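Below are the chains, spelled out letter by letter.
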Amino acid sequence: MRPKLVIGFAAETDDVDKNANIKLISKNCDWIIANDVSRGDSGFNSDYNEVTIHYKNPKFGKEKLSLKKKQKYQKKLWIGLLLKFTNGQGTDKKIRSFS
């Protein structure tokens, strides 16, 4: 049985968007979180990251998240997951207002 949401990760050094879309389809994911690990200011060996979330649903396409501390992304992804599984219900006001 397939989980309700499958998230994959793509650490790429070139053609980040193209490779992320290939992985989105080939791994049958709902979301792929892609980042360019060849950059010196983010990715591996850094407290910062810049990622693009590619969505299987063409209505959402992709969402580029600017350079931020990795901890900020962790919070944003957890909130996204909560909202995905609760349709915005069951989350307290403090969590919903964070972005």
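Residues numbered from 1 in each chain as written. Predicted model: local features only at pLDDT ≥ 70, side-chain atom pairs only at ≥ 80, totals over all residues. Heavy atoms only, no water.

Points about the nonpolar core
For the record, the criterion: Among buried residues, those of type Ala, Val, Leu, Ile, Met, Phe, Trp, Tyr and Cys that are joined through side-chain atoms within 4.5 Å constitute a nonpolar core. Three labels apply to residues, based on accessible area from a 1.4 Å probe with only protein chains included: buried if under 20% of the type maximum, exposed if over 50%, partly exposed otherwise in between. Secondary structure elements are taken from DSSP: a helix is a run of H or I of four residues or more, a strand is a run of E of two residues or more, and numbering for both begins at the N terminus.
Among the nonpolar cores identified, the biggest contains 9 residues, and these are Leu5, Trp31, Ile33, Val51, Ile53, Tyr55, Leu65, Tyr73 and Leu81. Going through the elements one at a time, strand S2 (31-36), strand S3 (48-55) and helix H2 (70-86) are the ones with two or more residues in this core. In terms of residue count, S3 provides more of this core than any other element does, 3 residues in total. In this structure, Val6, Ala20, Leu24 and Cys29 belong to the second largest nonpolar core, which totals 8 residues.

What to know about helix H1 (residues 16-26)
Basically, it comes down to this: Each C-beta atom gives one direction from the helix axis, and the arc is the one those directions make. Contacts are assigned to residue pairs with any non-hydrogen atoms lying within 4.5 Å of each other.
Those residues of H1 not exposed but buried are Val16, Asn19, Ala20 and Leu24. Down the axis of H1, the buried side of the element spans an arc of 145°, and every buried residue falls inside it. Across H1 from its buried face, at more than 90 degrees, point the exposed residues Lys18, Ile25 and Ser26. Contact partners of the buried residues in H1: strand S1 (7-12), S2 and S3.

Comments concerning the pairing of S2
Test applied: In this analysis, strands are considered paired if DSSP registers two or more bridges between them. Throughout, right-handed denotes a crossover for which the path from the first strand over the helix to the second runs clockwise when the strands point away from the viewer.
Counting buried positions along S2 yields 5 of 6 residues, so the element is predominantly enclosed. For S1 and S2, the ladder comprises 6 bridges, and the chain directions are parallel. Bridged to glutamate 12 within S2 is aspartate 36. Note on the crossover from S1 through H1 to S2: the handedness is right-handed. Relative to S3, S2 is paired through 5 bridges, and the arrangement is antiparallel. When the sheet's bridge partners are listed, isoleucine 33 is paired in S3 with isoleucine 53.

Some points on the pattern of salt bridges
So the rule is basically this: By salt bridge we mean one thing: a side-chain nitrogen of Lys or Arg within 4 Å of a carboxyl oxygen of Asp or Glu.
By the definition in use, this model includes 6 salt bridges. Between glutamate 50 and arginine 39 there is a salt bridge; the shortest N-O distance is 2.4 Å. Here the residue glutamate 50 occupies a position in strand S3, and arginine 39 occupies one in the loop between S2 and S3, the gap between them amounting to 11 residues. Residue glutamate 50 is classed as buried on the basis of its relative accessible area, which comes to 18%. On the basis of relative accessibility, which here comes to 27%, the residue arginine 39 falls in the partly exposed class. Residue glutamate 50 pairs with lysine 64 through a salt bridge whose shortest N-O separation is 3.7 Å. A residue pair is termed long-range when its members are at least 10 positions apart, and glutamate 50 in strand S3 and lysine 64 in strand S4 (residues 62-69) qualify at 14 residues. On the accessibility criterion, lysine 64 (59% relative accessible area) is exposed.

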